[in-house]
Amino acid sequence: MAPKARVAKPKIPKGTRDFKPDQMTIKQEAFDKITAVFKRHGAVSIDTPVFELRETLTGKYGEDSKLIYDLADQGGELLSLRYDLTVPFARYVALNGITNIKRYHIAKVYRRDNPAMNRGRFREFNQCDFDIAGVYPSMVPDAEVLKVLTEILDDLDLGQYEVKLNHRGLLDAMLDIAGVPAEKFRPICSAIDKLDKEPWDFVRREMVVDKGLEEGVADAIRPFVELRGQPQALLAKLLDKGHAFAGHAGARAALEELRTLFGYLEGMGALANIVFDLSLARGLDYYTGVIYEAVLKGASVGSVAAGGRFDTLVGMFSGKDVPAVGVSIGIERIYNIMEEQARAQAKEEGCSIRETETEVLVASIGNGYQGRRMSIASRLWARGIKAEFGFKANPKMSDSLGYALKQGIDLLVVFGENELENGVFKIKNLVAQTEVTVSSQGLEEEVLKSLAALPKRRAIFTYNSVNKATADVESKLKVNA
């Protein structure tokens, strides 16, 4: 007999990951909260292909263009996997002749990066984007986008955070004042963008050695990028007639835009977590105005959201500019933090994380009731009730209770020979530990009524020891297994 062929151990590509059911519960909770904010602000949803023509993505990302995944040439169009959702959005606006839109898009993007899974850096990951395109009064859409960002971070309850904010006009002005040649503006901005991770000496060395900037010019940049503070206080300092920005027309225009923006944000209660930071550069080439980046204080996962204004990106595809501004939420990094918090809470409270949203378990006492349980579950499904019936032909009641407690299912619809003879069902509430008997005709209405009276569903629920909880519930509900 020939030896069995060795089966290779399955694995997934570097920089990607699988999600287990309980992990997807947490991730879906994040998606739901983010989407709720998008919808609250009146955004519409769109979708675009996971790959684009290579020419669509080329020349939009500066030094990060090397991270684009190019697909193999198979004798047809040259294609690449999308790097973000912003450039495909701009292509979508141009292709469809759109002049104004407020949209959100949640989808996967791909980057040929060196993955660092513990820091939330992947090669495949989801982004949640919110953008407003169109001609509107100055800073009005910018303010709403930032308000959306702060609402999302507040609703996710990840801990203390700050949104670092700057303006591309101020970056260009400070480089101009420092004496940086215009052709080096974007390469130097790319170096400045590393200041949140690297010390000044490292960034200065990159400017001088790698980018060819004169040492004196690099040193002249430092006083600008060290400016950081409360938005209106720092704005007042930069507007002072004695500041270097006072004599620069581009800087004055950017500062006036920021004055308007900060006023709107204060009026919407969204200024408290904003930090005016002139070291923020955002290396992507397509930004033209306000730029921002959200970070969690005390976390080591990098930024969890970023965005800015991109007034000329649509015009690269259509020849007609459509001003736009937006933000991208990094869901993978947010998920990592949410999972860590959820598991810590579960461990502390003796809890579990739900894998399903099942509301009702249909259970039977006695043998031969599999088909009847399926029929009853179907009645509940028809009324929009999330129900299961169990695959065991003749499950014990203790098994049904144990499963319901472990999965966080709050209601049991129970029947046996006596109930069927009398045309009734028992509804057992495992939260209140109560039991009611209802007629077969009134089953769905009573279940809906019981569900409406339950506390809000939680992804994490307490059951401690399932065996002990099962015994307690059996005793209080007087169930004979």
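Residues numbered from 1 in each chain as written. Predicted model: local features only at pLDDT ≥ 70, side-chain atom pairs only at ≥ 80, totals over all residues. Heavy atoms only, no water.

Undergrad: How would you summarise the overall build of the chain if you had to cite specific residues and measurements?
TA: Helices and strands together make up the secondary structure of the chain, namely 17 helices and 18 strands. Across the 481 residues of the chain, 50% fall into the buried class. Within the chain, contacts between residues at least 6 apart in sequence are counted, and of these 69% link residues at least 24 apart. Summing over all exposed atoms, the chain offers an accessible surface of approximately 23,400 Å²; the carbon and sulfur share of this is 50%. (Helix = DSSP H or I, 4+ residues; strand = E, 2+ residues; numbered from the N terminus. Buried < 20%, exposed > 50% of the residue type's maximum accessible area, 1.4 Å probe, protein only. Contact = heavy atoms within 4.5 Å. Areas by Shrake-Rupley, 256 points an atom, 1.4 Å probe, with all protein chains shown as cover.)

Undergrad: Got a sec to walk through the sheet that holds strand β13 (residues 360-364)? Specific residues and values, please.
TA: Judged by pairing direction, the sheet is mixed, and its 5 strands sit side by side in the order β14-β13-β15-β16-β17 without closing on themselves. A single partner strand is all that each edge strand has here, and the edge strands are β14 (387-388) and β17 (434-439). By the bridge criterion, 5 bridges tie β13 to strand β15 (residues 411-415) in an arrangement that is parallel. Each bridged residue has a counterpart across the sheet, and for Val 360 the counterpart in β15 is Leu 411. (Pairing = 2+ DSSP bridges.)

Undergrad: Account for empty space enclosed by the protein, naming residues and giving values.
TA: The full count for this structure, using the stated rule, is 1 cavity of 30 Å³ or more. Together, Lys 164, Ile 192, Asp 193, Leu 195, Asp 196, Ser 279, Leu 280 and Glu 293 line the largest cavity. (1 Å grid on protein atoms, 1.4 Å probe; cavity = no way out; pocket = protein on both sides within 12 Å on 5 of 7 lines; lining within 4 Å. Points joined across faces, edges and corners; volume = space filled by probe spheres on them.)

Undergrad: Give a detailed account of the side chain of Arg 354, specifying residues and quantitative values.
TA: Note that Arg 354 resides in the loop between β12 (351-353) and β13. Despite its burial, Arg 354 remains without a salt bridge, the nearest opposite charge being carried by Asp 410 at 6.2 Å. A polar contact of 2.8 Å, which involves the side chain of Arg 354, links it to the backbone oxygen of Thr 358. (Lys, Arg positive; Asp, Glu negative; His and termini not counted. Salt bridge = Lys/Arg side-chain N within 4 Å of Asp/Glu carboxyl O. Polar contact = N/O pair within 3.5 Å; in protein donor to acceptor, adjacent residues only side chain to side chain.)

Undergrad: Residue-level account of the side chain of Asp 277, with values.
TA: Mapped onto the fold, Asp 277 is located in strand β8 (residues 274-277). Given a relative accessible area of 4%, Asp 277 falls into the buried group. A polar side-chain atom of Asp 277 sits 3.1 Å from a polar atom in the side chain of Arg 228. Of the polar contacts made by the side chain of Asp 277, one reaches the side chain of Ser 279; its length is 2.7 Å. Apart from the residues within four sequence positions on either side, Asp 277 is in contact with Lys 164, Leu 165, Asn 166, Val 225, Leu 227 and Arg 228.

Undergrad: So what about the pattern of salt bridges? Which residues, and what values?
TA: With the rule as written, the count across this model stands at 33 salt bridges. A salt bridge links Asp 113 to Arg 121; the shortest N-O distance between them is 3.8 Å. Here the salt bridges do not stand alone but share partners, grouping Glu 419, Lys 426, Lys 428 and Glu 435 into one network.

Undergrad: Quick one: what's the story with helix α5 (residues 168-178), residue by residue and with numbers?
TA: Summarising burial for α5: 8 of the 11 residues are buried, a large majority. Among the residues making up α5, those that are buried are Arg 168, Gly 169, Leu 170, Leu 171, Ala 173, Met 174, Leu 175 and Ala 178. Buried residues along α5 sit in contact with β6 (161-167), α6 (185-192), α8 (215-225), α10 (249-267), β8 and β9 (290-296). Where α5 terminates, the next one or two residues include Gly 179, which has phi positive at roughly 100 degrees.

Undergrad: Describe the sheet that holds β9, naming the residues involved and giving the relevant values.
TA: A sheet is described by the order of its strands in space; here 9 strands give the open sequence β1-β4-β5-β11-β10-β9-β6-β8-β7, paired in mixed fashion. Each edge of the open sheet carries a strand with a single partner, namely β1 (44-45) and β7 (228-229). Pairing analysis gives 10 bridges linking strand β4 (residues 101-110) to strand β5 (residues 124-133), with the strands arranged antiparallel. Note on β5: the bridge partner recorded for Ile 101 is Ala 133.

Undergrad: Account for the packing of aromatic side chains, with residues named and values stated.
TA: This model, assessed by the stated rule, comprises 13 aromatic pairs. One aromatic cluster in this structure is built from Tyr 61, Tyr 83, Tyr 286, Tyr 287 and Phe 310. Arg 111 extends its terminal NZ or CZ atom over the ring of Tyr 83, reaching a point 3.9 Å from the ring centre. (Phe/Tyr/Trp six-rings, centres within 6.5 Å; stacked < 30°, edge-to-face > 60°. Lys NZ or Arg CZ within 6 Å of the ring centre and 35° of its normal.)

Undergrad: Lay out the packing of helix α4 (residues 140-156) against α10 in plain terms, naming residues and giving numbers.
TA: Contact geometry for α4 and α10: axes closest at 9 Å, N-to-C directions at 45 degrees. Between α4 and α10, the interaxial angle falls into the category oblique. α10 is crossed by α4, and the crossing has right-handed handedness. Touching Val 140, Asp 142, Ala 143 and Leu 146 of α4 are Leu 261, Tyr 264 and Leu 265, all from α10. Partitioned by chemical class, the residues of the contact of α4 with α10 number 6 nonpolar, no polar and 1 charged. (Axes fitted to C-alpha atoms, helices over the stretch in contact; angles between N-to-C directions. Parallel < 35°, antiparallel > 145°, perpendicular 65-115°, else oblique. Left-handed = near helix turned anticlockwise from the far one by under 90°. Nonpolar A, V, L, I, M, F, W, Y, C, P; charged D, E, K, R; others polar.)

Undergrad: How would you explain the pairing of β4 if you had to name every residue and give the values?
TA: Buried residues dominate β4, accounting for 7 of its 10 residues. Pairing geometry for β1 and β4, over 2 bridges, is parallel. Residue pairing across strands places Ser 45 opposite Tyr 104, the latter belonging to β4.

Undergrad: How would you sum up helix α1 (residues 21-40)? Please name residues and give values.
TA: Spanning 20 residues, α1 covers 28 Å between terminal C-alpha atoms, matching the ideal 28 Å at 1.5 Å per step. Taken together, the buried positions of α1 are Asp 22, Gln 23, Thr 25, Ile 26, Lys 27, Ala 30, Phe 31, Ile 34, Thr 35, Val 37 and Phe 38. Count one or two residues on from α1 and you reach Gly 42, which has phi positive near 80 degrees. (Expected span 1.5 Å × (residues − 1).)

Undergrad: Tell me about the pairing of strand β16 (residues 424-429), and name the residues and values.
TA: Of all 6 residues that make up β16, 5 are buried, and the element is covered over most of its length. Bridge count for β15 against β16 is 4 bridges, and the pairing is antiparallel. Residue Val 414 lies in a different strand from β16, and its bridge partner there is Lys 426. Relative to β17, β16 runs antiparallel, the two sharing 6 bridges. What sits directly across from Lys 426, in β17, is Thr 437. Counting the residues between successive antiparallel strands, the hairpin from β16 to β17 contains 4 residues, one of them, Gln 433, with a positive phi of roughly 55 degrees.

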